[in-house]
Amino acid sequence: MFLEQLINGVTLGSIYAIVALGYTLVFGVLDIINMAHGEIFMFGAFVGLLVVSKAGAPLPVAFLGAVVVTAAMGLLLERLALRPLRGRPGASHLASLISTIGVSILLENLAHKLFGAGNHLFETPFAEISFKVGPVTVYLVQVVILFISLLLMGGLALWLSRSRAGKALRATAENLETAGLLGVDTNRMITATVVIASAMGGVAGVLVGMAFNYINNQIGLSMGLKGLAIIIFGGMGSVYGAMAGGLILGLSETFVVAYGSSGYRDAIAFVAIILILLVRPQGLFGQAPAEARR
Amino acid sequence: MEWLNPYHLQVASFMLINAILGVSIYVTLSTGQLSLGNAGFMGIGAYTAALLSTQHQVPIPVGILAGSVLAGAAGILVGIPSLRLSGVYLAIATLGFGEVLRAVLINWESLTGGAVGIAAIPQMGRVVLAWAGDRGFSPGSLGLQSNQFISLTVFLILLLCTVLSVAFFLRLSRSRVGRAYAAIRLDESAAASAGIPVTYYKVLAFSQGALLSGLAGALFAHSTSFVSPADFTYHRAVEILVFAVFGGSEHILGPVFGAAFLTVVPEALRSISDYRYILYGLLLVLMMVFRPQGVIDPALLRRFRRSGGGVPA
Amino acid sequence: MKRYARLIAVVACALFAFVFMGAEKAGKAAKPKGEPIRAKIGVISIITGAGASYGEAITNGFKLALGEVNAKGDVHIDLKIEDSTGKAEQALSAAQKLINSEQVVAILGPTLSTEMKVVGPEANASGVPIMGTSNTAQGITQIGKFVFRNSMPETQAIPASIGKAVKKYNLKKVALLYGNDDVFTKSGFDTMKEVSEKLKLKILTIEEFQKGQADYKAQLTKIASLKPDAVFCSALYNEGGVILAQARKMGLKVPFVGGNGFNSPKVIEIAKGAAEGLIVATPWFGDRNDPKVKAFVAKYEKAYGKKPDQFAAQAYDAFHIMANALKAAGTADRAKLRDALAATKDFQGVLGKFSFDAERDVVMAPNVLIVKGGKFTIFN
């Protein structure tokens, strides 16, 4: 059972990691937690569902559709709910937080109106395919999810470190003002960050549909909270932290259930955060305490 | 008194409980600490009052007091380690505390009954009615029906508690303690070098906020007569935060207004129940975009005072 | 303090003004001969929020019955539906509105047992008969003499399903799986555990899950590794269908005995082939060879595009029970309606024969069903 649980944990963890990346990117650049991220992820899942079941298109198109829609949502979010608050007197971080909370409430109920309540089946054509590796049964779906996650994470890391745009984004995250002085179009960078983060949420949504086969309009909330726990654990603003944190959370949740008491599964995430905040507030990969304490 | 509608009294009662919660988050916020654990402290207050009154026949006021005090004590326990954190880290840690507490409430079945909750908690209004009935009093003598009397009693008790709480903290804000809070909020290190015992005041604010949340929780238990872990989720913690930020986080009347207003909005929109939360979300976004400091800010209050009172615009 | 005196006075006045905006006068006219009895009945249901799929089925059941009752002409009911969003506080506010502002003569609902525990005492104290159509926890009708329910509690259903399964499959060791954060699923589990212990089954493990969870692989893998003869699962159909599907996918092929929450065509819809062999005890058997049932199923499917589940059926019957009681009472009077309800005996609904017992709780015989060939059939 251990190996099977390990695979479960890694699959879950990689999805968590992608969701967390969305949070960490936005936090790194804007210093705010985008509470609407979970709902955007949920919409991505539904768009994927509609593409696959209503339009009957193949899975890659589902990813495309989800990415396009969630990227657009990210754009709207940034333009309408976040940008007007930047640089305004009296607008604390709290105002942006509440603004994104408003968006999340709106999106959750909008999804209910559009897609209906209850669970919806997300069919993957190759859901049944599995193969045995030694004593363990591995499903093709799990392999695909892991592969896509690694691709995405690797691609993002590479892009951030090698490409000009990626470096400009990191500069903006490091210090908004200085980046602006150095000629980076910070507004565009910020918009790009939110769009990319949202698109990643969209990918994660489709992956969740593939992994668990059922989606409903409530998945944004719980996933959102977990994503939050992960970036605290891994270090807010740190890409490697989000990846590592996601994996660790997925594994620990799975193993707590497997070997401990399944009643405390959700509490694990929060116990982890509280511990890490007390012991190492900047998270596993975060920056040194002086700067991390905002 | 046919115009006394228990429905309106009910909504007003929830407005008052939410107002106390709004003040509870404001108190810690006034020292610059954003605590999102108030749903957890509320749960402590509610369950303490519920357990004491249902299992140990403790009189309601004693139970409410015990619940508040216990919550306040928990506030000290949470406040001390939280000193090392600030900003959004503190917020999330306290949110985490609330969630862990909820998990405990669900899993510690022998004490709390788990997800089933605690029912048949003595309801303040009904208890008063019975007590008055034993002394030969009937609501009819006031021209009231039983349920009007019950709702009115609950409302008046809550009103008293809310007014006292707000008055206390209004007074506090102008005392030495309040000035210390404000100084800490503005610049912690400067306050420390000015000789203010920062640690003491920060933990004090934390426990005061927790105590208020506990009070609100105990009152909640004795108004709805049933509590379960589902009443104290992070949804509620976020809701309390929204009251404070929407209403205005710079002055104590802000969260009070925010709580009152945002409790009424979903009720008023019942006729379009399909869309009311879509509108609610939209309202939050619009308010933040157009007036991020919240509805009530010191400038508005100054204008109101200068104009010599009267009905605000 | 003086500076704020005026402001506080204004706010206090506003608060009082809001509170004292009056109630409408209660109109209790006697019914003139030949005219249908007119009554306002309130419904508290989950229209938005997490439990909306269940609330929707219930509300649909009410509406279908409403059409029939009003068309018949003995009574004319004006249905007022309020949303509780699944939160007890909202349910309470909705109840207060219905009782005092709308002056309803009775209330149907609320959906969740947690909501009923808050609303029931209030309705009881206000003298308004209230009937739960989906509350299955313990201690519901004991709240007071105005509180009724027509939803079969788990304490009646589960012993029937487990008992039959044990006999048929010769079960010796079992695993239990339930949602520990919901009153309904938790009560169901309590009963399952009690029955298992009474039947001297060996409980290999007890696993829990939380609402809204999408992934049960961890719990199911653990259960599978212990090799139970059967799994007893207390869940609502949204989680239940997913659990079944994931269980079968990972090779857990033993019989599943579900609580009340599994009795829904939605389970078969969600789990598809994985639902084969699922056993539930329930008062609702949608494929029964009974003209009343067939007519109801056809009508519901035509109106709402899907087959009715237990929630819808119970709501439908409940409405008819209410309408009948109203007719028996002769007038739209709360106290008289309560008495007429309590006297309901041998009502023939789509769920079979129904009566209230002395505590206004359900007297009904459960059917034990098994999913065969993608449909629920009687389990012999």
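Residues numbered from 1 in each chain as written. Chains lettered and ligands numbered in written order. Predicted model: local features only at pLDDT ≥ 70, side-chain atom pairs only at ≥ 80, totals over all residues. Heavy atoms only, no water.

1. What about the overall build of chain C?
Logical step 1: Counting its regular elements, chain C contains 12 helices and 15 strands.
Logical step 2: Taking 380 residues into account, the globule formula puts the C-alpha radius of gyration at 21 Å, and chain C, at 23 Å, falls close to it.
Logical step 3: When burial is assessed residue by residue, chain C has 62% of its 380 residues classed as buried.
Logical step 4: Considering only residue pairs separated by 6 or more positions, chain C has 69% of its internal contacts joining residues 24 or more positions apart.
Logical step 5: For chain C, the computed accessible surface area is about 13700 Å², with 55% contributed by carbon and sulfur atoms.
Logical step 6: The centroid of the 52 positive side-chain charges in chain C is displaced by 1 Å from the centroid of its 36 negative side-chain charges. (Helix = DSSP H or I, 4+ residues; strand = E, 2+ residues; numbered from the N terminus. Rg over C-alpha atoms; globule rule 2.2 N^0.38 Å. Buried < 20%, exposed > 50% of the residue type's maximum accessible area, 1.4 Å probe, protein only. Contact = heavy atoms within 4.5 Å. Areas by Shrake-Rupley, 256 points an atom, 1.4 Å probe, with all protein chains shown as cover. Lys, Arg positive; Asp, Glu negative; His and termini not counted. Charge placed at Lys NZ, Arg CZ, Asp CG, Glu CD.)

2. Comments concerning a positive patch on the surface
All names here are of chain B.
Logical step 1: Where like charges cluster on the molecular surface, the positive patch consists of Arg171, Arg174, Arg302, Arg303, Arg305 and Arg306.
Logical step 2: Counting residues per element, the positive patch draws most heavily on helix H14 (residues 298-306), which supplies 4 residues.
Logical step 3: Here Arg174 is to be found in the loop between helix H7 (146-173) and helix H8 (176-186).
Logical step 4: On the accessibility criterion, Arg174 (35% relative accessible area) is partly exposed. (Patch = residues over 30% accessible without salt bridge, like charges linked within 9 Å, V, L, I, M, F, W, Y side chains within 5 Å. Salt bridge = Lys/Arg side-chain N within 4 Å of Asp/Glu carboxyl O.)

3. Quick look at the sheet that holds strand E3 (residues 106-108) of chain C
Residues and elements named next belong to chain C.
Logical step 1: Across the sheet, 5 strands lie side by side as E2-E1-E3-E4-E5; this open sheet has parallel pairing. Of all strands in the sheet, those bounded by a partner on one side alone are strand E2 (75-83) and strand E5 (147-149). Averaged over all neighbouring strand pairs, the angle between strand axes comes to 25 degrees, with direction disregarded.
Logical step 2: In the sheet, E3 pairs with strand E4 (residues 130-132) via 2 bridges, with the strands oriented parallel. Its bridge partner being in E4, Leu108 is matched across the sheet by Met131. (Pairing = 2+ DSSP bridges. Axes fitted to C-alpha atoms, helices over the stretch in contact; angles between N-to-C directions.)

4. A closer look at the nonpolar core
Logical step 1: The biggest cluster of nonpolar side chains holds 201 residues, and the ones touching the most others in it are Leu207 and Met210 of chain A together with Phe41, Val227 and Leu241 of chain B.
Logical step 2: If you tally residues by element for this core, the top one is helix H1 (residues 2-30) of chain A, at 14 residues.
Logical step 3: If we ignore the near neighbours within four places in the chain, the residues touching Met210 of chain A are Leu59, Phe63, Phe122, Thr124, Phe126, Val141, Val144 and Ile145 of chain A.
Logical step 4: One finds Ile37, Ala157, Val254 and Ala315 of chain C within the second-largest nonpolar core, a separate group that totals 104 residues. (Core = buried A, V, L, I, M, F, W, Y, C linked by side-chain atoms within 4.5 Å.)

5. Comments concerning a nonpolar patch on the surface
Logical step 1: Among the surface-exposed residues, Ile272, Tyr275, Leu279, Leu282, Leu286 and Phe290 of chain B lie close enough to one another that they form a single nonpolar patch of about 550 Å² accessible area.
Logical step 2: In this structure Leu279 of chain B comes out as partly exposed when scored by relative accessible area, which is 36%.

6. Digging into the environment of Ala318 of chain C
Logical step 1: For Ala318 of chain C, the location among the structural elements is in helix H11 (residues 310-329).
Logical step 2: Accessibility expressed as a relative area gives 0% for Ala318 of chain C, which makes it buried.

7. Concerning the pairing of strand E1 (residues 37-45) of chain C
The side chains of a regular strand alternate between the sheet's two faces.
Residue and element names in this part refer to chain C.
Logical step 1: When you tally the buried positions in E1, you get 7 out of 9 residues, the bulk of the element.
Logical step 2: Two strands pair when backbone bridges link them, and E1 and E2 are joined in this way by 9 bridges, in the parallel orientation. Residue pairing across strands places Ala39 opposite Ile77, the latter belonging to E2.
Logical step 3: In this region the chain leaves E1, passes through helix H2 (residues 52-72) and returns to the parallel neighbour E2; the handedness of that crossover is right-handed.
Logical step 4: Both E1 and E3 contribute to a ladder of 3 bridges, which runs parallel. Of the residues in E3, the one forming a bridge with Val43 is Leu108. (Right-handed = clockwise from strand over helix to strand, strands pointing away.)

8. Concerning the interface of chain A and chain B
Logical step 1: Taken together, the contact between chain A and chain B spans 43 residues of the former and 39 residues of the latter.
Logical step 2: The contact between chain A and chain B buries some 3600 Å² in all, and 75% of this surface belongs to carbon and sulfur atoms.
Logical step 3: Across the chain A-chain B interface, the total number found is 0 salt bridges.
Logical step 4: Sorting elements by how many residues they give to the side of chain A that touches chain B places helix H4 (residues 93-115) of chain A first, with 13 residues. (Buried area = accessible area lost by both parts, 1.4 Å probe.)

9. Remarks on the environment of Asn367 of chain C
Residues and elements named next belong to chain C.
Logical step 1: Looking at the secondary structure, you find Asn367 in strand E14 (residues 367-372).
Logical step 2: Residue Asn367 is classed as buried on the basis of its relative accessible area, which comes to 13%.
Logical step 3: Along the backbone, Asn367 and Leu66 are 301 residues apart, and their C-alpha atoms lie at a distance of 27 Å.
Logical step 4: If near-sequence neighbours (up to four positions away) are discounted, Asn367 is found in contact with Val280, Ala281, Thr282, Pro283, Trp284, Phe285 and Arg288.
Logical step 5: Of note is the side chain of Asn367, whose polar atom sits 3.3 Å from the backbone oxygen of Pro283. (Polar contact = N/O pair within 3.5 Å; in protein donor to acceptor, adjacent residues only side chain to side chain.)

10. Section: the sheet that holds strand E13 (residues 362-363) of chain C
All names here are of chain C.
Logical step 1: Across the sheet, 3 strands lie side by side as E11-E12-E13; this open sheet has antiparallel pairing. Each edge of the open sheet carries a strand with a single partner, namely strand E11 (347-349) and E13.
Logical step 2: Direction of pairing for E11 relative to strand E12 (residues 352-356): antiparallel, over a ladder of 3 bridges. From the neighbouring strand, Gln348 faces E12, where its bridge partner is Lys353.

11. Structural notes on H8 of chain B
All names here are of chain B.
Logical step 1: Among all positions in H8, only Val177, Gly178, Ala180, Tyr181 and Ile184 are buried. Along the axis of H8, the buried residues cluster in a sector spanning 160 degrees; they form a single face. Exposed residues on H8 whose side chains face more than 90 degrees from its buried face are Arg176, Arg179 and Leu186.
Logical step 2: As for H8, its buried residues are in contact with helix H1 (6-29), H7, helix H9 (188-193) and helix H10 (198-224).
Logical step 3: For H8, the side-chain oxygen to backbone nitrogen distance between the N-cap and Val177 is 3.2 Å, and the N-cap itself is Ser175. (Arc of directions from axis to C-beta.)

12. Examining unusual backbone geometry
Residue and element names in this part refer to chain C.
Logical step 1: Between Gly109 and the following residue, Pro110, the backbone shows a cis peptide bond with an omega angle of -5 degrees.
Logical step 2: Positive phi outside glycine occurs at Arg360, with the angle close to 60 degrees.
Logical step 3: Within the element layout of this structure, Arg360 appears in the loop between E12 and E13.
Logical step 4: Judged by relative accessible area, Arg360 falls into the buried class, the value being 11%.

13. What to know about the side chain of Glu82 of chain C
Logical step 1: Looking at the secondary structure, you find Glu82 of chain C in strand E2.
Logical step 2: There is a polar contact of 3.2 Å between the side chain of Glu82 of chain C and the side chain of Arg270 of chain B.
Logical step 3: What Glu82 of chain C contacts, discounting residues up to four positions off in sequence, is Arg270 of chain B together with Val43, Ile44, Ser45, Ala94, Lys97 and Leu98 of chain C.

14. Considering the pattern of salt bridges
Logical step 1: Using the criterion set out here, one finds 26 salt bridges over all chains in the structure.
Logical step 2: Measuring nitrogen to oxygen at the nearest pair gives 2.4 Å for the salt bridge that ties Glu89 of chain C to Arg236 of chain B. In this pair, Glu89 of chain C sits in helix H3 (residues 88-101) while Arg236 of chain B sits in helix H11 (residues 234-247), so the two residues belong to two different chains. Accessibility assignment for this pair places Glu89 of chain C and Arg236 of chain B in one class, buried.

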